[in-house]
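Structural overview for review
Here is what each chain is made of, one letter per residue.
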Amino acid sequence: MGSSPFTYAAFTMMAAQVVLVPLGKEMRDEHMLSWGGFGLALFFYIIIRLSRNILLRNSDG
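Residues numbered from 1 in each chain as written. Predicted model: local features only at pLDDT ≥ 70, side-chain atom pairs only at ≥ 80, totals over all residues. Heavy atoms only, no water.

What follows is about the layout of surface pockets. Of the voids in this model, the second largest pocket is the one considered here, and its volume is about 170 Å³. Surrounding the second largest pocket, Leu20, Leu23, Gly24, Met27, Met32, Leu33, Gly36, Gly37 and Leu40 form its lining. Only α1 (4-26) and α2 (30-58) provide two or more residues apiece to the lining of the second largest pocket. If one sorts the elements of the lining of the second largest pocket by residue count, α2 sits on top with five residues. For the lining of the second largest pocket, the per-class residue count stands at six nonpolar, three polar and no charged. (1 Å grid on protein atoms, 1.4 Å probe; cavity = no way out; pocket = protein on both sides within 12 Å on 5 of 7 lines; lining within 4 Å. Points joined across faces, edges and corners; volume = space filled by probe spheres on them. Helix = DSSP H or I, 4+ residues; strand = E, 2+ residues; numbered from the N terminus. Nonpolar A, V, L, I, M, F, W, Y, C, P; charged D, E, K, R; others polar.)

In the numbering used here, UniProt assigns the "transmembrane region" (unreviewed entry) feature to residues 6-23 and 35-55. Between the end C-alpha atoms of residues 6-23 there is a gap of 25 Å, over a span that is 100% helix and 0% strand. Structurally, residues 35-55 is divided into 100% helix and 0% strand, and its ends, taken at the C-alpha atoms, are 30 Å apart. (UniProt positions renumbered as here; feature names shortened; annotations may be inferred.)

Laid out in structure tokens, this is it:
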């Protein structure tokens, strides 16, 4: 496995930070901000796992 998955993840997170960092500075409720971050991470985890399973199921190997 090369470095391309890590590069893709880094660019994706960099693009998300452009929106999320200024939004996080405006939030006053830190409790809601932490739960929102947890929920977003869980959402990304589910999407990545589903994508991986679909790719593995449809691969020739």
